[in-house]
Amino acid sequence: MTPFDNNIEVPDGWGFAQTIDRRDFLKLTSTGLLVMFVVEPLLGRGLFGPAQGGRSSAPTDLNAFLHIGADGRVTCLVGKVEMGQGAMTSLPQLAAEELDVPLSMVDIVMGDTDLCPFDGGTFGSLSIRQFGPVLRSAAAEAKAVLLEMAAERWQVPVTDLRVESGGVLHKTDRTKRLTYGQLTEGKRIERRLAGRPSLDAVTAFTIVGKAASRRDAIGKVTGAAKYAGDIAPAGALHARIVRPPAHGATLAAIDTSAAEKAPGVRVVRDGDLVAVLHAHRDEADAALSLIKATWTPSRSTLTDTNIFDHLVSVAPAGDTPFRGGDLAAGEMRATTTFSETYRKGYVAHAPMETHSAIAAMENGKMTVWAGTQTPFPLKAQVAAALKLSADKVRVITPYVGGGFGGKSASQQGVEAARLAMAAGVPVRVVWSREEEFFFDTFDPAAVHTIRSGIDAAKKIVFWDLTVVGAGSRGVEHIYDVPNHRTRVRGGWNGNPAGMHPFGIGPWRAPGANANAWARESHIDVMAAKASMDPVEFRLHNLADARMRRVLQAASKAFGWTPKAGPSGRGVGVACGIDAGTYCVNMAQVNVNKTTGHIQVVRIVSVQDMGLVVNPEGAKQQMEGCLQMGLGYSLSEEMHFTNGALIDTNFDTYELPRFSWLPKIETVLLDSDLPAQGGGEPAIVPMGAVLANAVFDAIGARVHQLPMTPARVLAAMRG
Amino acid sequence: MRTVSFTLNGKPTRITTDEKRLLLWVLRDDLGLTGTKFGCGQTACGSCTVVINKDAVRACATQIGDVDGKTVVTIEGLAQGARLHPLQDAFVKHAAFQCGFCTPGMIMGAYARLLQNPRATAADVLHDLDDHLCRCGAHVRIAEAVTTAAAAMRGGVR
Ligand code: FES
Ligand code: FES
């Protein structure tokens with residue numbers, strides 16, 4: 001027997017990662033209807049850059065959104081990737097809806113830079129909200145073309161026709177009916193998207209809004225689904241790369257002689273990259289340990305305790321995105337004033353799939369299969385690193401094993417390509433968990449200082465917030481505050497060198513978690529001082545009708561009964577706005593007053609996210625947010641000293657587990673707004689809702705995330 | 001070097017290699033079975049869980065020499081042709097995954113418990129799964145799927 005006899009038979013398409021050959025694809029698209037990408041982005045937000053190389057009018061151009069073949073099958077071509085958010089399922093729903101074809105007739109190709117139109121990257125909430133309208137437009141355009149073609153064929157006005165179940169039919173003459181396949185057969189029709197076709201009113205949807213079973217399900221439960229590290233071109237070798245012990249350490253000397261003598265091992269150098277290659281990962285690991293490297297130590301003196309003072313002292317002066325009224329006048333009117341500081345540490349992305357890529361050079365073209373959120377930017381990086389022209393690099397994105405923002409940076413793809421080029425064989429780079437933590441682009445540590453005041457009527461009269469480190473996403477105070485100022489010092493760009501001890505980058509709802517945690521904690525501080533129930537205090541200071549509705553719906557779903565905190569019940573509330581979605585979370589916790597351990601008993605999360613394209617998918621995303629949010633709230637924080645990470649694996653960096661799982665209830669409110677983001681909003685209020693519930697339970701406020709048992713006990717001691 | 005013989009997904013398998021090598025990488029690199037995932041390499045995440053005889057075992061810390069003469073089941077060996085195991089079926093029905101990277105390990109961990117005791121409750125299974133990590137936070141659905149599957153197994157479905 002061959003070893004591969006063990007592979008179960010899986011129908012085509014279950015594994016998703018079969019590489020579609022460009023030639024086959026050209027053949028497939030040589031006839032049929034293609035709706036092309038136009039250079040002018042529909043959504044003027046810079047998310048969709050120009051079509052690659054400006055070839056959009058060339059007949060071989062493949063930058064199409066949509067293809068309808070002679071068999072009537074619809075193929076969506078999408079530069080987004082499937083990293084668990086379900087876009088692979090919900091995007092075809094949109095196309096099927098618009099074209100009135102059964103969902104089973106719609107295929108989707110994702111994240112392949114040779115086949116899909118340019119895409120800036122897949123970032124949590126954006127797939128549906130920003131890409132959905134484009135795909136729907138493409139489908140609407142295709143529908144218009146098909147109607148025109150039928151009208152011409154039958155010599156009747158378009159207005160006499162309609163589409164139904166994958167075909168065009170005459171509204172009254174029942175003999176006139178052609179499937180999309182019959183209409184496009186033998187022809188090649190190209191349309192370029194310009195302007196915005198009118199889209200069906202939300203109420204007309206039949207497929208969108210219904211639960212659809214996930215396309216990736218069978219592959220994922222049978223082990224057939226391919227991730228980047230599972231792709232196996234013939235002769236591929238694993239690479240393990242020599243890494244520094246600390247950020248800022250530099251290589252002083254290296255002795256690779258012992259590794260070179262090990263059987264089956266190759267040592268490869270490409271500039272600063274030194275790697276051992278072996279066909280087997282475990283043997284590559286062993287070979288790496290034979291390399292003797294000497295490092296000059298990092299000069300960093302930062303630790304996870306001195307970092308906060310450091311951030312406040314080195315952060316740029318920043319700017320003031322929100323300001324209104326007169327702070328001094330507000331202070332004069334205040335009968336009670338508050339001044340509090342909130343801190344949070346660095347949080348890792350920690351996807352279960354570490355950064356992985358495999359690169360293979362064939363006939364002068366480098367193909368990189370990568371677990372990445374940004375296949376097109378990665379392609380450009382690989383081309384630059386290898387000094388190849390863009391058409392000589394292809395990035396293919398199989399399933400991505402979790403991203404959360406952390407796979408926007410895809411250094412491993414460049415490493416694999418450089419090593420493959422240097423070694424002349426396909427090379428696989430699968431980061432160890434230690435490398436994954438080391439090279440992570442962490443959610444940054446942050447310090448929020450808030451001064452505020454309320455008047456005798458318990459109205460907030462001033463709000464003066466300075467944020468250091470977390471940037472401006474979700475930093476708006478969402479309440480009615482006549483006199484306010486919000487200063488933001490340091491975010492994602494423009495930080496001075498050395499402000500952070502290691503990489504930082506977008507983490508699920510970048511910065512918004514920290515900003516909501518400080519704001520909503522502080523609102524509770526004021527509510528408690530005013531002896532007012534925290535929900536009532538919020539409603540008392542909140543004009544925004546949309547947020548009021550969500551807050552009231554949450555109170556109802558939770559069964560909130562008003563009582564000023566701390567009530568001893570361990571209940572909390574927090575609001576957040578993210579990616580256009582309004583979200584309110586309510587939670588109940590138990591706090592062990594001896595150990596300081598927090599057990600979250602129940603969370604209710606209510607969301608107004610506009611049109612809900614895939615309710616099951618949306619709820620799944622919310623559940624994921626809530627469970628993931630337990631981590632940054634209760635346990636997750638990177639410890640470090642002098643450039644070296646102290647937490648290098650899951651033994652000390654603790655992720656939420658089944659035993660932490662509270663009873664979770666998610667509610668989606670009906671809304672006539674267009675679809676808003678759903679992948680991130682529910683995580684935003686998590687830190688605050690738990691901090692508020694803990695305060696309600698023990699009467700002490702924890703001012704630093706995560707709320708570890710030690711911090712809870714310290715807060716109780718005062 | 002040594003020849004190790006074992007039953008892999010119902011089929012007799014022999015491999016000649018260094019007996020200290022790790023089962024995880026023999027499965028993935030030598031035998032092409034990539035359903036078993038690498039997540040930490042330190043027995044801390046559960047992604048690499050396979051079933052040996054009737055026990056859930058972390059393949060990242062199991063030497064290939066130690067499986068000699070034993071029966072190994074990986075995620076690829078659970079379905080009978082196109083017929084899914086009740087656990088797989090329940091994971092599909094409940095959409096008990098997001099990115100799916102933890103899924104093979106979760107299913108194999110649950111499978112071992114139900115193999116040892118077909119009357120195990122969902123709580124028993126989830127207790128075992130407590131050292132399986134899922135970063136996507138699919139816990140709610142996994143718990144539901146396990147409940148459905150445990151009920152099906154008690155009802156005598158295979
Ligand atoms: S890879 Fe084996 S437990 Fe994580
Ligand atoms: S589904 Fe992504 S890690 Fe569990």
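Predicted, not measured: the structure shown is a model, and the values here were computed from it.

A. Local environment of the overall build of chain A. Helix and strand counts for chain A stand at 18 helices and 29 strands. The buried share of chain A, reckoned over its 718 residues, is 62%. Intrachain contacts of chain A at a sequence separation of at least 6 include 77% that bridge at least 24 residues. By element, 53% of the accessible surface of chain A is carried by carbon and sulfur atoms, the whole surface being about 25700 Å².

B. Layout of the interface of chain A and chain B. The partner chain B presents 56 residues to the 66 residues of chain A that form the contact. Interface of chain A and chain B: buried area, both sides summed, is about 5000 Å²; carbon and sulfur atoms make up 57% of it. Inspection of the region where chain A meets chain B yields six salt bridges. For the salt bridge of Asp230(A) with Arg28(B), the shortest nitrogen-to-oxygen distance reads 2.7 Å. On the surface where chain A and chain B come into contact, there are 33 residue pairs in polar contact (both at pLDDT 80 or more). When contributions to the side of chain A that touches chain B are tallied by element, the ones reaching two or more residues are helix H5 (217-222), helix H7 (281-288), strand E19 (427-430), helix H12 (433-438) and helix H16 (615-634) of chain A. Ranked by residue count, the leading element in the side of chain A that touches chain B is H16(A), at eight residues. Classifying every residue of the side of chain A that touches chain B by side-chain character gives 27 nonpolar, 19 polar and 20 charged.

C. Representation of H7(A). Every buried residue belonging to H7(A) is among Arg281(A), Asp282(A), Ala284(A), Ala287(A) and Leu288(A), and all of these are buried. Its buried side turned inward, H7(A) meets strand E9 (237-241), helix H6 (257-261), strand E12 (273-278) and E19 of chain A together with helix H1 (23-30) of chain B.

D. The arrangement of the domain arrangement of chain B in detail. Residues and elements named next belong to chain B. Once the domains are mapped, chain B shows domain 1 (2-76) and domain 2 (86-154). Computed from C-alpha atoms alone, the centre-to-centre distance between domain 1 and domain 2 is 21 Å. Across the contact, 18 residues belong to domain 1 and 14 residues belong to domain 2. Summing both sides of the interface, domain 1 and domain 2 together bury roughly 1300 Å²; the carbon and sulfur share of this comes to 63%. Along the contact surface separating domain 1 from domain 2 lie one salt bridge. Inspection of the region where domain 1 meets domain 2 yields four residue pairs in polar contact (both at pLDDT 80 or more). The set of elements that each furnish at least two residues to the side of domain 1 that touches domain 2 consists of strand E3 (49-52) and strand E4 (55-58). Within the side of domain 1 that touches domain 2, the residues separate by chemical class into eight nonpolar, six polar and four charged.

E. Local environment of the domain arrangement of chain A. All names here are of chain A. According to the domain assignment, chain A contains domain 1 (22-218), domain 2 (229-297 + 355-430) and domain 3 (307-347 + 442-717). Counting from both sides, the interface comprises 23 residues of domain 1 and, opposite them, 18 residues of domain 2. Here domain 1 and domain 2 share an interface that buries about 1500 Å² over both sides, 54% of which is from carbon and sulfur atoms. Per-residue buried area on domain 1 facing domain 2 is highest for Met83, Thr113 and Asp114; these three make up 35% of the total on that side. Between the two partners, domain 1 and domain 2, sit three salt bridges. Its salt-bridge partner being Asp112, residue Arg394 comes within 2.6 Å of it at the nearest N-O pair. Of the residues contributing to the side of domain 1 that touches domain 2, the split by class is nine nonpolar, eight polar and six charged.

F. Local environment of the packing of H16(A) against helix H17 (residues 686-698) of chain A. All names here are of chain A. It is the contact of H16 with H17, at a shortest axis distance of 8 Å, that shows an interaxial angle of 65°. Viewed along their axes, H16 and H17 form a crossing whose handedness is right-handed. For the pair H16 and H17, contact is made by Cys625, Leu626, Gly629, Leu630, Tyr632, Ser633 and Leu634 and by Met686, Gly687 and Leu690, respectively. Across the contact of H16 with H17, the residue classes tally to seven nonpolar, three polar and no charged.

G. Representation of the confidence of the model for chain B in the model. On average, chain B scores 96 in pLDDT, and the residues at 70 or more come to 98%. In the model output, the complex is listed with pTM 0.92 alongside ipTM 0.98.

H. Structural detail: the packing of aromatic side chains. Residues and elements named next belong to chain A. Going through the model one piece at a time under the given rule, you end up with 15 aromatic pairs over all chains. On the numbers, 4.6 Å between centres and 40° between planes, the contact of Phe442 with Phe502 is tilted. Taken together, the residues Phe442 in the loop between H12 and strand E20 (446-454) and Phe502 in the loop between strand E22 (483-489) and helix H13 (512-529) connect sequence positions 60 residues apart. Phe502 sits in the buried class, given a relative accessible area of 6%. A centroid spacing of 5.1 Å and a plane angle of 80° characterise the contact between Phe502 and Phe640, whose relative ring orientation is edge-to-face.

I. Highlighting the state of the cysteines. Residue and element names in this part refer to chain A. Within the structure shown, the criterion is met by zero disulfides over all chains. In this model Cys76 remains outside any disulfide bridge; the closest cysteine sulfur is found in Cys116, 10 Å from its own. On the basis of relative accessible area, Cys76 is assigned to the buried category, the value being 0%. Between Cys583, a free cysteine, and Cys625, which holds the nearest cysteine sulfur, the sulfur-to-sulfur gap is 8.0 Å. When its relative accessible area of 0% is taken as the criterion, Cys583 is described as buried.

J. A look at empty space enclosed by the protein. Summed over the entire model, instances satisfying the criterion amount to four cavities of 30 Å³ or more. The calculated volume of the largest cavity comes to roughly 90 Å³. Lining the largest cavity are Gly229(A), Asp230(A), Glu353(A), Thr354(A), Ser356(A), Val430(A), Trp25(B), Arg28(B), Lys37(B), Phe38(B) and Phe101(B). Taken together, the residues that form the lining of the largest cavity break down as four nonpolar, three polar and four charged. By volume, the second largest cavity is sized at about 60 Å³.

K. Focus on the sheet that holds strand E5 (residues 161-164) of chain A. Residue and element names in this part refer to chain A. Overall, antiparallel pairing links the three strands, which are arranged E5-E6-E7 in an open sheet. Looking along the sheet, the strands with just one partner apiece sit at the ends: E5 and strand E7 (177-179). Across this sheet, the average inter-strand angle for adjacent strands is 25°, counted without regard to direction. Bridging between E5 and strand E6 (residues 167-170) involves four bridges; their strand directions are antiparallel. Residue Arg162 lies in a different strand from E6, and its bridge partner there is Leu169.

L. Here's a closer look at the side chain of Gln627(A). For Gln627(A), the location among the structural elements is in helix H16. Overall, the relative accessible area of 1% leaves Gln627(A) in the buried class.

M. Structural view of the pairing of E9(A). Residue and element names in this part refer to chain A. Among the five residues in E9, five count as buried, and that is most of the element. Both faces of E9 are covered, namely the face carrying Leu237, Ala239 and Ile241 and the face carrying His238 and Arg240. Sheet topology note: the E9/E19 ladder contains two bridges and is parallel. Across the sheet, the residue bridging to Leu237 is Val427, located in E19. Relative to E12, E9 runs antiparallel, the two sharing four bridges.

N. Unusual backbone geometry, seen in detail. Residues and elements named next belong to chain A. Note the cis peptide between Gly565 and Pro566, where omega equals 0°. Note that Pro566 resides in the loop between helix H15 (545-558) and strand E23 (571-578). Backbone torsion omega between Leu705 and Pro706 reads -5°, so that peptide bond is classified as cis. If you check the backbone angles, Asp100 has positive phi at about 55° while not being a glycine. Tracing the chain through its elements places Asp100 in the loop between helix H2 (87-99) and strand E4 (106-110). Taking relative accessible area as the criterion, Asp100 reaches 30% and is therefore assigned partly exposed.

Calculation rules
Residues numbered from 1 in each chain as written. Chains lettered and ligands numbered in written order. Predicted model: local features only at pLDDT ≥ 70, side-chain atom pairs only at ≥ 80, totals over all residues. Heavy atoms only, no water. Helix = DSSP H or I, 4+ residues; strand = E, 2+ residues; numbered from the N terminus. Buried < 20%, exposed > 50% of the residue type's maximum accessible area, 1.4 Å probe, protein only. Contact = heavy atoms within 4.5 Å. Areas by Shrake-Rupley, 256 points an atom, 1.4 Å probe, with all protein chains shown as cover. Buried area = accessible area lost by both parts, 1.4 Å probe. Salt bridge = Lys/Arg side-chain N within 4 Å of Asp/Glu carboxyl O. Polar contact = N/O pair within 3.5 Å; in protein donor to acceptor, adjacent residues only side chain to side chain. Nonpolar A, V, L, I, M, F, W, Y, C, P; charged D, E, K, R; others polar. Domains from an automatic or database assignment. Axes fitted to C-alpha atoms, helices over the stretch in contact; angles between N-to-C directions. Left-handed = near helix turned anticlockwise from the far one by under 90°. pLDDT = per-residue confidence, 0-100. Phe/Tyr/Trp six-rings, centres within 6.5 Å; stacked < 30°, edge-to-face > 60°. Disulfide = S-S within 2.5 Å. 1 Å grid on protein atoms, 1.4 Å probe; cavity = no way out; pocket = protein on both sides within 12 Å on 5 of 7 lines; lining within 4 Å. Points joined across faces, edges and corners; volume = space filled by probe spheres on them. Pairing = 2+ DSSP bridges.

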